[in-house]
Amino acid sequence: MMLLIRELKIMLRSPAGAIQSLMFAVLVIALFPLAITPDPDQLEPLGIGLIWVVTLLSCLLAADKSLASDYADGSLEQMVLSDYPLWWVCLVKSMAHWVSCALPLLLMAPILGGMLAMPLDRIVWLMASLILGSPILSLFCILGAMLTVGLNQSSACCPS
Amino acid sequence: MLQIESLSCFRQDRYLFKDLNAKVLPGQALQIVGENGAGKTTLFKILAGLFEEYDGRVIIADAVGSLYLGHRYGVNDQLTPVENLKFLLSLNEIQLAPGLLTAALARFQLSAEFDQPCAALSEGQKKRVALARLLLTSARIWLLDEAFSALDAPGRAVLSEVCQAHLASGGILIFSSHQGIPEFAAAAQLRLEVGS
């Protein structure tokens, strides 16, 4: 439990990461009507797919950050050596990642959907699918971040 | 008791070290000596259980628990010293009253900074936050990699007092240091050579 409290505390004290990934998502979605077409009939079928793609990308971008500082200051080593099972450490990291990255997007989904001219009933379905799917995205993103955190200059988005 | 038997580590096309043997009994200290790049930190990581690509054996008698403090010692910049200490201790399921935490920090001369995030502290002060954990841990084997560096003279004095108390109570201390620590001049030494 201490692990989770610590993650949330750190997140609240440095909300820049969460705001960044949210801003990224909002900007990308805002650009679509400008870049493709403002015509609601053409935008509307794209809506759910676009929001899902943006969710995935912003989750991937945030994943590295959720481990990088703990790796740099040695907290991650101490967690590995701790009495906590590693699956719990990973799960807590994923939960914190979800709260900082997917949850704000989920709350913004009605506005993002509105920007893409989605009708209300489709927005409700979109949110339901995000509630189900985004925790799995977080688990995958943390998996990628765990595998790449020790490599210099690489990210879960683009391992090298 | 901690025993190392013909420990070798092969890394990047060469032996970092080869056929190390050592035995540390309760109440004894062992100093790891070697130049930069001789493999001291790798040896510490092997002893702590963080690094597993080695030949030979590390035997730790009884489940006594070990505490590893390396170059990066797990102090988060966003948390206050008390929060950091509380978290680090909770990793070994130690729950303590806040009074004990502040007392441990005060022993390492950190009293005015309790309510600030650690980002406001200097490198040496952050290290003291991590070292305050030594006063409250139940681990009997201490693995201190360069714990004496970045500390000023009073800080070093407190740390060596704490280590001596640990040895007097039958603990095991394994440390590395480039500066001579007069209090541990008599400690057994394990020498690592570069490029063997």
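Residues numbered from 1 in each chain as written. Chains lettered and ligands numbered in written order. Predicted model: local features only at pLDDT ≥ 70, side-chain atom pairs only at ≥ 80, totals over all residues.

Caption draft 1: A look at the overall build of chain A. Check the secondary structure of chain A and you find seven helices and zero strands. Ordered by position from the N terminus, the helices and strands of chain A form the series α-α-α-α-α-α-α. Counting only C-alpha atoms, chain A reaches 55 × 30 × 25 Å along its principal axes. Counting across all 160 residues of chain A, residues that qualify as buried make up 33%. Here the contacts in chain A between residues at least 6 apart in sequence split such that 82% fall between residues at least 24 apart. (Helix = DSSP H or I, 4+ residues; strand = E, 2+ residues; numbered from the N terminus. Buried ≥ 20, exposed ≤ 12 C-beta atoms within 10 Å, placed from the backbone. Contact = placed C-beta atoms within 7 Å.)

Caption draft 2: How the structure looks around the environment of Val99(A). All names here are of chain A. Relative to the elements of secondary structure, Val 99 occurs in helix α6 (residues 86-115). Judged by local crowding, Val 99 falls into the partly exposed class, with 16 C-beta atoms found within 10 Å. When the C-alpha positions of Val 99 and Gly 47 are compared, they lie 23 Å apart, and in sequence the two are 52 residues distant.

Caption draft 3: Quick peek at the pairing of strand β3 (residues 29-34) of chain B. All names here are of chain B. Note: β3 against strand β7 (residues 172-176), four bridges, orientation parallel. Its bridge partner lying in β7, Gln 31 is registered against Phe 175. Pairing of β3 with strand β8 (residues 188-192) involves five bridges; the strand directions are parallel. By the bridge assignment, Leu 30 is partnered in β8 with Ala 188. (Pairing = 2+ DSSP bridges.)

Caption draft 4: Quick peek at the sheet that holds strand β4 (residues 55-60) of chain B. Residue and element names in this part refer to chain B. Spatial strand order, β2-β1-β4: three strands in an open sheet with antiparallel pairing. Lying at the two open borders of the sheet, with one neighbouring strand each, are β2 (14-24) and β4. On average, each strand axis in the sheet is inclined to that of its neighbour by 20°, with strand direction left out of account. Of the pairings in the sheet, the one linking strand β1 (residues 2-11) to β4 comprises five bridges and is antiparallel in character. (Axes fitted to C-alpha atoms, helices over the stretch in contact; angles between N-to-C directions.)

Caption draft 5: Spotlight on the domain arrangement of chain B. All names here are of chain B. Its domain assignment divides chain B into domain 1 (1-65 + 140-196) and domain 2 (77-138). Of note, the centres of domain 1 and domain 2, computed from C-alpha atoms alone, are 24 Å apart. Contacts between domain 1 and domain 2 engage eleven residues on the former and twelve residues on the latter. Among the elements that make up the side of domain 1 that touches domain 2, the one with the highest residue count is helix α6 (residues 153-168) (five residues). Within the side of domain 1 that touches domain 2, the residues separate by chemical class into eight nonpolar, two polar and one charged. (Domains from an automatic or database assignment. Nonpolar A, V, L, I, M, F, W, Y, C, P; charged D, E, K, R; others polar.)

Caption draft 6: Seen up close, the sheet that holds β3(B). All names here are of chain B. The strand order across the open sheet formed by five strands is β5-β6-β7-β3-β8, and the pairing between neighbours is parallel. Each of the sheet's edge strands pairs with one partner strand only, and the pair in question is β5 (66-69) and β8. The average angle at which neighbouring strand axes cross in this sheet is 15°, direction not considered. Of the strand pairs in this sheet, β5 and strand β6 (residues 141-145) are connected by four bridges, and their pairing is parallel. Its bridge partner lying in β6, Leu 67 is registered against Trp 142.

Caption draft 7: How the structure looks around helix α2 (residues 81-90) of chain B. In terms of burial, α2(B) is a largely internal element, eight of the ten residues being buried. Burial in α2(B) covers these residues: Pro81(B), Glu83(B), Asn84(B), Leu85(B), Lys86(B), Phe87(B), Leu88(B) and Leu89(B). Lining the buried residues of α2(B) we find α1 (2-13) and α5 (75-81) of chain A together with α3 (98-107), α4 (123-131) and α5 (133-136) of chain B.

Caption draft 8: α4(B), seen in detail. All names here are of chain B. Among the nine residues in α4, seven count as buried, and that is most of the element. For α4, every residue scored as buried is listed here: Gln 125, Lys 126, Lys 127, Arg 128, Val 129, Ala 130 and Leu 131. Against the buried residues of α4 lie β5, α2, α3, α5 and α6.

Caption draft 9: Local environment of the packing of α2(B) against α3(B). Residues and elements named next belong to chain B. Viewed as axis vectors pointing N to C, α2 and α3 meet at an angle of 110°, and their least axial separation amounts to 10 Å. In terms of their interaxial angle, α2 and α3 are classed as roughly perpendicular. Residue-level inspection shows Pro 81, Val 82, Leu 85 and Lys 86 of α2 in contact with α3, the latter providing Pro 98, Leu 101, Thr 102, Ala 104 and Leu 105. In terms of residue class, the contact of α2 with α3 is made up of seven nonpolar, one polar and one charged. (Parallel < 35°, antiparallel > 145°, perpendicular 65-115°, else oblique.)

Caption draft 10: Molecular detail of the interface of chain B and chain A. Taken together, the 19 residues of chain B in the interface contact 18 residues of chain A. Ranked by residue count, the leading element in the side of chain B that touches chain A is α2(B), at three residues.

Caption draft 11: Just unusual backbone geometry, in detail. Look at Ala117(A): it is not a glycine, yet its phi comes out positive at around 60°. As for its position among the elements, Ala117(A) is in the loop between α6 and α7 (120-148). Classification of Ala117(A) as partly exposed rests on a count of 18 C-beta atoms within 10 Å. You will see that Gln109(B), though not glycine, has its phi angle at about 55°, which is positive.

Caption draft 12: Here's a closer look at the packing of helix α2 (residues 16-35) of chain A against α6(A). Residue and element names in this part refer to chain A. Closest axis-to-axis distance for the α2/α6 pair is 10 Å, and the angle between their directions is 25°. By the criterion of interaxial angle, the relationship of α2 to α6 is roughly parallel. The interaxial crossing formed by α2 with α6 has right-handed handedness. Side by side, α2 and α6 meet where Gly 17, Ala 18, Ser 21, Leu 22, Ala 25, Val 26, Ile 29, Ala 30 and Pro 33 of the first sit next to Ser 100, Cys 101, Pro 104, Leu 105, Met 108, Leu 112 and Met 115 of the second. Among the residues making up the contact of α2 with α6, the classes are represented as 13 nonpolar, three polar and no charged. (Left-handed = near helix turned anticlockwise from the far one by under 90°.)

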